[in-house]
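# Tertiary structure, described
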Amino acid sequence: ADLDNLEAARRAMGDKPVIAIVKLDTPVVMAEVEPIADALYVHYGVSDAALLDIVTGQATAGGRLPASMPKDMVTVEASCEDVFDDYEPYVDTVGNTYATGFGLGGRP
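Now for a quick tour of the structure.

With that settled, consider the overall build of the protein. What the protein contains, in helices and strands, is three helices and two strands. For 108 residues, the compact-globule estimate of 2.2 N^0.38 gives 13 Å, and the protein sits close to it at 14 Å. Referenced to the eigenvectors of the C-alpha coordinate spread, the extents of the protein come out at roughly 40 × 35 × 25 Å. Per-residue burial over the protein gives 23% buried out of 108 residues. Taking all contacts inside the protein whose residues are at least 6 apart in sequence as the whole, residues at least 24 apart take part in 44%. Looking at the protein as shown, the accessible area adds up to about 7,100 Å², and 54% of this sits on carbon and sulfur atoms. With 7 positive and 18 negative side-chain charges, the protein shows a spacing of 9 Å between the two charge centroids.

Here's what the structure looks like:
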């Protein structure tokens with residue numbers, strides 16, 4: 001349903017930018033999200049006020065992934081659910097590898 005909502009937002013916004021904010025409870029297949037969004041923020045549970053401060057430029061986002069984001073669903077299905085980080089990480093359209101420890105901006 002979340003992906004459907006993001007796709008609907010993309011259609012409704014036309015040429016205007018779409019910012020996707022993804023709460024990570026578990027690793028997410030970013031290959032399904034990144035092509036739809038112009039900007040992508042991920043978090044593990046912060047306040048809406050903190051997210052708005054980041055999106056509006058009043059604060060700087062920062063952090064590192066505690067686990068890799070899988071390349072695709074085939075990778076997820078081939079992984080062992082009881083083995084940490086045992087799948088090939090996603091690489092975005094500009095070459096960033098979403099492996100454990102990856103992050104952009106802010107402080108490490």
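Once you've had a look at it, read on.
Below, the discussion takes up the pattern of salt bridges. Between side chains of opposite charge, pairing is possible as soon as their charged atoms come close. Applying the stated criterion across every chain, the model contains three salt bridges. Salt-bridge contacts for D25 lead to K23; the nearest nitrogen and oxygen are separated by 3.9 Å. The class of D25 is exposed, set by a relative accessible area of 64%. One salt bridge connects K71 with E88, and the closest N-O pair in it is separated by 3.9 Å. In this pair, K71 is assigned in the loop between α2 (48–55) and α3 (73–78) and E88 in the segment after α3, connecting sequence segments 17 residues apart.

What follows deals with the environment of V18. The topology assignment puts V18 in the loop between α1 (2–13) and β1 (19–23). A sequence separation of 18 residues divides V18 from I36, and the C-alpha atoms of the two residues are 7.8 Å apart. Beyond its immediate chain neighbours, meaning those up to four positions away, V18 contacts L6, A9, R10, M13, I36, A37, D38 and A39.

The next subject is the side chain of H43. Tracing the backbone through its elements, the reader meets H43 in strand β2 (residues 39–43). Residue classification places H43 among the buried positions, given a relative accessible area of 12%. In terms of polar contacts, H43 uses its side chain to reach the backbone amide nitrogen of V46, at 3.4 Å. Apart from residues lying up to four places away in sequence, H43 is in contact with I21, V22, K23, L24 and L51.

Per the stated rule, a full pass over the model turns up two aromatic pairs. Taken together, a centroid distance of 5.3 Å and an interplanar angle of 65 degrees make the contact between Y90 and Y98 edge-to-face. Since its relative accessible area comes to 11%, Y98 is described here as buried. Each ring, one from Y98 and one from F102, has its centre 5.1 Å from the other, and the planes form 35 degrees; the classification is tilted. For the residue pair Y98 and F102, the accessibility class agrees, reading buried in each case.

Cut-offs applied
- Residues numbered from 1 in each chain as written.
- Predicted model: local features only at pLDDT ≥ 70, side-chain atom pairs only at ≥ 80, totals over all residues.
- Heavy atoms only, no water.
- Helix = DSSP H or I, 4+ residues; strand = E, 2+ residues; numbered from the N terminus.
- Rg over C-alpha atoms; globule rule 2.2 N^0.38 Å.
- Buried < 20%, exposed > 50% of the residue type's maximum accessible area, 1.4 Å probe, protein only.
- Contact = heavy atoms within 4.5 Å.
- Areas by Shrake-Rupley, 256 points an atom, 1.4 Å probe, with all protein chains shown as cover.
- Lys, Arg positive; Asp, Glu negative; His and termini not counted.
- Charge placed at Lys NZ, Arg CZ, Asp CG, Glu CD.
- Salt bridge = Lys/Arg side-chain N within 4 Å of Asp/Glu carboxyl O.
- Polar contact = N/O pair within 3.5 Å; in protein donor to acceptor, adjacent residues only side chain to side chain.
- Phe/Tyr/Trp six-rings, centres within 6.5 Å; stacked < 30°, edge-to-face > 60°.

So far we have only geometry, and geometry alone does not tell us how the molecule works.
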